[in-house]
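Close look at the chain arrangement
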2 protein chains.
Amino acid sequence: VSQAAEVRTDLVRACLREPVSRTPVWFMRQAGRALPEYRATRGSGSILSAFGDAALSAEVTLQPVRRYGVDAAILFSDIVVPLHAIGFGVDVEPGRGPVVAEPFRSSADLARLRPFEPAVDAPYVAETVGLVRRELAGSGVALIGFAGAPFTVASYAIEGGPSRTFAKVKALMHGDPELWFQLTERLAAMAVASLRAQIQAGAQAVQLFDSWAGSLAPAEYARFALPATRAVLDGIADLGVPTILFGVGTGELLALMASAGPDVVGVDWRVPLDEARRRVGGGHALQGNLDPALCLAPWPVVADASRAVLAAAAAADGTGTGHVFNLGHGVLPETDPGILAAVVELVHNETARA
Amino acid sequence: VSQAAEVRTDLVRACLREPVSRTPVWFMRQAGRALPEYRATRGSGSILSAFGDAALSAEVTLQPVRRYGVDAAILFSDIVVPLHAIGFGVDVEPGRGPVVAEPFRSSADLARLRPFEPAVDAPYVAETVGLVRRELAGSGVALIGFAGAPFTVASYAIEGGPSRTFAKVKALMHGDPELWFQLTERLAAMAVASLRAQIQAGAQAVQLFDSWAGSLAPAEYARFALPATRAVLDGIADLGVPTILFGVGTGELLALMASAGPDVVGVDWRVPLDEARRRVGGGHALQGNLDPALCLAPWPVVADASRAVLAAAAAADGTGTGHVFNLGHGVLPETDPGILAAVVELVHNETARA
């Protein structure tokens, strides 16, 4: 792994379990939602259209860096952007998330999944990455790119929208495994293309969101989700940027997720980081895991909970390296931005190395 | 524990880890939703009104026994019935679940939580239990009563409806622990009163639903949910019927849940039963844990998954006792009833002892 053009940021170093000046911190869904400046910048148009405006997307990507003082920006985008860009028929409904007008149901729908060509289908993504990197040059703040892991993107494609049970996905994967593997192979290729384009444009780390993997039992994850996730990580390994694999409710899956080959395993708030370390082993950094719901409690509660995360991370890894502080899931829209800024300050102060 | 008046059913024996003729099976939410005869019986009125009709509730309780051949009926009711019966202002919306018009927000709301007196506030519950027991007499089918665990009932009272994040509950429990403990103490007393009335009317086992406990981190569960749950179980221990404690996404909490003192720990589909056994220890039976979403897949998939549950249960407990077969969560409304009947037959056939 090399980042020849620039000194490695703390974010990158933590991902690679190298010594850091202080524990880096960023927040999933830090761009958008909770920030008034985001709502002012965005206006009321469709969010998928907003992604197409590189200047706007770069601004929204940078807002949380200014507001919170985080160590990484994450691209303002969505895991369904590639599906949308190839014309699969995806929309993102405010307050609901991705919805698909004609969900994936049969092998006939494979024809709707043509290869994703980032430079042609979504050139605004690389353009946004470039704009953000120029703004962040020399700041020590890293830019994280991302994609959806095949299982989670497939769950939107098949369910047609958010689901609590994932019954249609599970019926398809178990009932027609061949079709499932064809589908996830295509989604893996799309994720690889998307991540490669982001990295080549300047993303210094990438996160693979397998947000809903926690709905799967371990044997199910191993058979139906892990292969395509590993294919995505394998498909970008030659580019040498750190990779983070994250899902919610994945306590039973952490060892399997680690076996997919990411540098960092993201952990939700349910599993203390020292316990996560036991499951993941020593070969991976850990990211997490303050409960985002706790950020709505009074500050002393948030401070105590943040310190508990740091203590568990220290217990997990005596060297004090290999931890990226984050929430255990995305920022809730009703979060007070001041609380998140205070969390960043606390993490930086309490982990500053001499 | 004694069930003097009647030979113990397989359900009761399995809960107590005593030898059974075959592994007993029932399904959470077996009464209602998926059954056409339920929809015909119920009509279109409010479900809370339906609970008030003992003859109708007894019929709905018995329908899945006839249709599926399960080893236990579970009372047709809802965990918010006591809250509703004391006039807290709860409704159950079709497809959404319990909603509260004026959610619990401050100490002033404690005054709205008067003690629950089952014989006065909800006499129809005991009446339904009596009707069902008469119908089941001599059948070998047990009747299970139930209540909501204080955390989960509190989550409805505070959030005002279903939640994905439980942010208001967490803000209250962490921000005002004293109020939280006053609230959950009252809800524990309501659950004790409700369960005692059901048991005295004839319920032969009871399940405590802490459905949403899995949203809590282990330390949070130990501090904020476990004490009131233990108080409920302690409050009915003298009545000597088996107790089952269940929640979803509770992999990290299983040992703590076991420490609350139930005879049986319910496990969702994410944790294989042999792994659950390692966490729970040898002193408890296990209930579960076929993924309800898989019941929408083709039958060979359901059969394989059911056999995998039985195999994990056998691996968990070499004696073949101490397992109550169930789903890992409630029956999905779109489930084909024929599939559930076939699951019961499979479990019975494959576990029949000479």
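Look a little higher up for the structure.
The sections below set out a description of the structure shown in this document.

Thresholds applied
Per-chain numbering applies: the sequence of each chain, read as written, is numbered from 1 onward. As they are written, the chains are lettered A onward and the ligands numbered 1 onward, keeping that order. Only residues with pLDDT of at least 70 get local features here, since the model is predicted, and only at 80 or more are side-chain atom pairs given and counted; chain-wide, interface and lining totals rely on the full set of residues. Think of the side-chain values as coming from all heavy atoms in the structure, minus any hydrogens and water. A least-squares superposition brings the copies together, and it is based on the C-alpha atoms of residues with pLDDT no lower than 70 in both. Burial here depends on accessible area, computed with a 1.4 Å probe over protein chains only, as a share of the maximum for the residue type. Under 20% is buried, over 50% is exposed, and the range in between is partly exposed. Helical segments are the DSSP runs of H or I of at least four residues, strand segments are the runs of E of at least two, and each set is numbered from the N terminus. A pair of strands is labelled paired if DSSP reports no fewer than 2 bridges between them. With the strands aimed away from the viewer, a crossover counts as right-handed if its path from the first strand over the helix to the second runs clockwise. By the criterion applied in these results, polar contacts are pairs of N or O atoms within 3.5 Å in which, for protein atoms, one can donate a hydrogen and the other can accept it, and in which residues neighboring in sequence qualify only through two side-chain atoms. Whether two residues are in contact is decided by their heavy atoms, any of which lying within 4.5 Å being enough. Classification of ring pairs rests on two measures: the distance between centres of Phe, Tyr or Trp rings, Trp counted by its six-membered ring, which must be within 6.5 Å, and the angle between planes, read as stacked under 30 degrees, edge-to-face over 60 and tilted in between. Consider the ring centre and the ring normal. A charge sits over the ring if Lys NZ or Arg CZ is within 6 Å of that centre and within 35 degrees of that normal.

The next thing to look at is the relation of the copies chain B and chain A. The operation relating chain B to chain A is a screw motion whose rotation component is 180 degrees, with 0.0 Å of axial translation and a residual RMSD of 0.0 Å. This pairing of chains is accounted for by a two-fold axis.

A few words now on the pairing of strand E6 (residues 243-246) of chain A. Residues and elements named next belong to chain A. Going residue by residue along E6, you find Thr243 and Leu245 tucked away on one face and Ile244 and Phe246 tucked away on the opposite face as well. Relative to E6, strand E5 (residues 205-209) runs parallel, the two being bridged by 4 bridges. Within E6, the position partnered with Phe209 by the bridge is Phe246. In this fold, E5 hands off to helix H11 (residues 218-236), which returns the chain to E6; that crossover is right-handed. As judged from the 2 bridges shared by E6 and strand E7 (residues 264-266), these two strands associate in the parallel manner. Residue pairing for E7: Ile244 is matched across the bridge by Val264.

Looking now at the side chain of B:Thr184. Residues and elements named next belong to chain B. Mapped onto the elements, Thr184 comes out in helix H10 (residues 177-201). Residue class for Thr184 comes out buried when judged on its relative accessible area of 2%. One polar contact links the side chain of Thr184 to the main-chain carbonyl oxygen of Phe181, over a distance of 3.4 Å. When near neighbours in sequence (up to four residues on either side) are disregarded, Thr184 contacts Pro150, Ala154 and Ala228.

Our next topic: the packing of aromatic side chains. This model, assessed by the stated rule, comprises 17 aromatic pairs over all chains. Geometrically, the ring pair formed by A:Tyr38 and A:Phe76 is edge-to-face, given 5.6 Å between the ring centres and 70 degrees between the ring planes. Of this pair, A:Tyr38 sits in helix H2 (residues 36-42) while A:Phe76 is found in the loop between strand E1 (72-74) and helix H5 (81-85), placing the two residues 38 residues apart along the sequence. Residue classification places A:Phe76 among the buried residues on the basis of a relative accessible area of 6%. Ring geometry for B:Phe27 against B:Tyr68: centres 5.8 Å apart, planes inclined by 85 degrees, an arrangement best described as edge-to-face. Linking B:Phe27 in the loop between helix H1 (10-15) and helix H2 (36-42) with B:Tyr68 in helix H4 (residues 54-68), this pair joins segments that are 41 residues apart in sequence. B:Phe27 sits in the buried class, given a relative accessible area of 0%. Within the aromatic cluster, the residues linked to one another by ring pairs are B:Phe151, B:Phe166, B:Trp180 and B:Trp212. Sitting over the ring of B:Phe88, B:Arg112 keeps its end group 4.0 Å from the ring centre.

Just geometry here; none of it tells us what the structure is for.
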